[in-house]
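Structural description and commentary
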Amino acid sequence: DQQVKQNSPSLSVQEGRISILNCDYTNSMFDYFLWYKKYPAEGPTFLISISSIKDKNEDGRFTVFLNKSAKHLSLHIVPSQPGDSAVYFCAASGSRLTFGEGTQLTVNP
Amino acid sequence: DVKVTQSSRYLVKRTGEKVFLECVQDMDHENMFWYRQDPGLGLRLIYFSYDVKMKEKGDIPEGYSVSREKKERFSLILESASTNQTSMYLCASSLWSGGQPQHFGDGTRLSIL
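Note that the structure is a prediction, hence the values are computed from the model and not measured.

**So, the overall build of chain B**
From N to C terminus, chain B includes 0 helices and 11 strands. Reading the helices (α) and strands (β) of chain B from amino to carboxyl end gives β-β-β-β-β-β-β-β-β-β-β. The C-alpha radius of gyration computed for chain B amounts to 13 Å, which stays within 12% of the reference 13 Å derived for 113 residues, consistent with globular compactness. Surface exposure of chain B reaches about 5500 Å², of which carbon and sulfur atoms provide 49%. Charge separation in chain B, taken as the distance between the mean sites of 15 positive and 15 negative side-chain charges, equals 6 Å.

**Some words on the sheet that holds strand S7 (residues 64–70) of chain B**
Residues and elements named next belong to chain B. Read across the open sheet, the 4 strands follow the order S1-S3-S8-S7; overall the sheet is antiparallel. Every interior strand has two partners, whereas the edge strands, strand S1 (4–6) and S7, have only one. Averaged over neighbouring strand pairs, the angle between their axes works out to 20° when direction is ignored. Here 6 bridges tie strand S3 (residues 19–25) to strand S8 (residues 73–78), and the two strands are oriented antiparallel to one another. Looking at the pairing, Leu21 lines up with Leu76 of S8.

**Concerning the interface of chain B and chain A**
A common way to express how large an interface is: the accessible area buried when the components associate. Taken together, the 21 residues of chain B in the interface contact 18 residues of chain A. Of the roughly 1500 Å² buried where chain B meets chain A, counting both sides, 57% is carbon and sulfur surface. Here chain B and chain A share 1 salt bridge between them. In this structure, the salt-bridge partner of Asp59 of chain B is Arg96 of chain A, at a minimum N-O distance of 2.6 Å. Inspection of the region where chain B meets chain A yields 4 residue pairs in polar contact (both at pLDDT 80 or more). Mapped onto the side of chain B that touches chain A, the elements with two or more residues apiece are strand S4 (31–38) and strand S5 (42–49) of chain B.

**Some thoughts on the state of the cysteines**
Counted under the stated rule, the structure contains 2 disulfides over all chains. Two residues, Cys23 of chain A and Cys90 of chain A, share a disulfide whose sulfurs are 1.9 Å apart. Here the S-S torsion is close to 60°, and the disulfide linking Cys23 of chain A with Cys90 of chain A is therefore right-handed. Residue Cys23 of chain A is located in strand S3 (residues 19–25), and its partner Cys90 of chain A is located in strand S9 (residues 86–93); the two are separated by 67 residues in the primary sequence. Look at Cys23 of chain A and you get buried, because its relative accessible area is 1%. The class of Cys90 of chain A is buried, set by a relative accessible area of 0%. Residue Cys23 of chain B pairs covalently with Cys91 of chain B via a disulfide, S to S 1.9 Å. Disulfide Cys23 of chain B-Cys91 of chain B: torsion about the S-S bond near -80°, hence left-handed. Remark: Cys91 of chain B occurs in strand S9 (residues 87–94) and Cys23 of chain B occurs in strand S3; sequence separation between them is 68 residues. Residue Cys23 of chain B shares its accessibility class with Cys91 of chain B, and that shared class is buried.

**Some remarks on the sheet that holds strand S1 (residues 4–5) of chain A**
Residues and elements named next belong to chain A. In space, the 5 strands of this open sheet follow the order S1-S3-S8-S7-S6, with antiparallel pairing throughout. The open sheet terminates on both sides in strands that have one partner only, identified here as S1 and strand S6 (56–59). Alignment of S1 against S3, held across 2 bridges, turns out to be antiparallel. Following the sheet pairing, Lys5 is matched in S3 by Asp24.

**Here's the deal with a nonpolar patch on the surface**
All names here are of chain A. Residues Ile18, Ile20 and Val78 make up a contiguous nonpolar surface patch of about 230 Å² in total accessible area. Position of Val78 relative to the elements: it lies in the loop between strand S8 (72–77) and S9. A relative accessible area of 44% means that Val78 is categorised as partly exposed.

**What about the pairing of strand S5 (residues 45–51) of chain A?**
Each regular strand displays side chains that alternate between the two surfaces of the sheet. Of all 7 residues in S5 of chain A, 5 are buried, a share of seventy percent or more. Linking strand S4 (residues 32–38) of chain A back to S5 of chain A in an antiparallel pair, the connection comprises 6 residues, with Ala41 of chain A at a positive phi of about 65°.

Basis of the calculations
- Residues numbered from 1 in each chain as written.
- Chains lettered and ligands numbered in written order.
- Predicted model: local features only at pLDDT ≥ 70, side-chain atom pairs only at ≥ 80, totals over all residues.
- Heavy atoms only, no water.
- Helix = DSSP H or I, 4+ residues; strand = E, 2+ residues; numbered from the N terminus.
- Rg over C-alpha atoms; globule rule 2.2 N^0.38 Å.
- Areas by Shrake-Rupley, 256 points an atom, 1.4 Å probe, with all protein chains shown as cover.
- Lys, Arg positive; Asp, Glu negative; His and termini not counted.
- Charge placed at Lys NZ, Arg CZ, Asp CG, Glu CD.
- Pairing = 2+ DSSP bridges.
- Axes fitted to C-alpha atoms, helices over the stretch in contact; angles between N-to-C directions.
- Contact = heavy atoms within 4.5 Å.
- Buried area = accessible area lost by both parts, 1.4 Å probe.
- Salt bridge = Lys/Arg side-chain N within 4 Å of Asp/Glu carboxyl O.
- Polar contact = N/O pair within 3.5 Å; in protein donor to acceptor, adjacent residues only side chain to side chain.
- Disulfide = S-S within 2.5 Å.
- Buried < 20%, exposed > 50% of the residue type's maximum accessible area, 1.4 Å probe, protein only.
- Patch = residues over 30% accessible without salt bridge, like charges linked within 9 Å, V, L, I, M, F, W, Y side chains within 5 Å.

Here's what the structure looks like:
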């Protein structure tokens, strides 16, 4: 039972445009959500998080939105840069983290 | 700076072998985790530990065991390696459980022939 799903395996955008990565979850008990970025041959690195009591959190070019009624969160990257090309994982927290399948983002110069 | 070190970047073993993957963190974190990453499946939790000598099963513990004799070290053991355990293995640690961000090592690419 996949409790956290990223339905888009890949996303391609032009440099300077907005990247929107999506994530859906099923467990209403999740109380914290995180995004990680992973480059090839490296471990995932923490990017940004949001508590379930908020609906938006912003950090520079990265903004995460949470829609609890829809059990949906999204990561917006604006403007996108070629260095943002990586696999992005969303994760949801109850007693431990549950990860989605990941989305490969490619930002074209 | 936070540092999680996995002993091997690449490892090739044969079926039936007992395989040890080592992980060390230098942040005095209470919690340590072992995941495997497979294409299309994301990161799946194998085992975790919230204290020395304590361990909990994750979502896919079958065929694996773990050892945590010291706070900074968490070992993953493949008791009798099989080809379906070929994967990328990632170790992580965090200060607390729940929503606390986890810090990951760079992974061990394990191939079982």
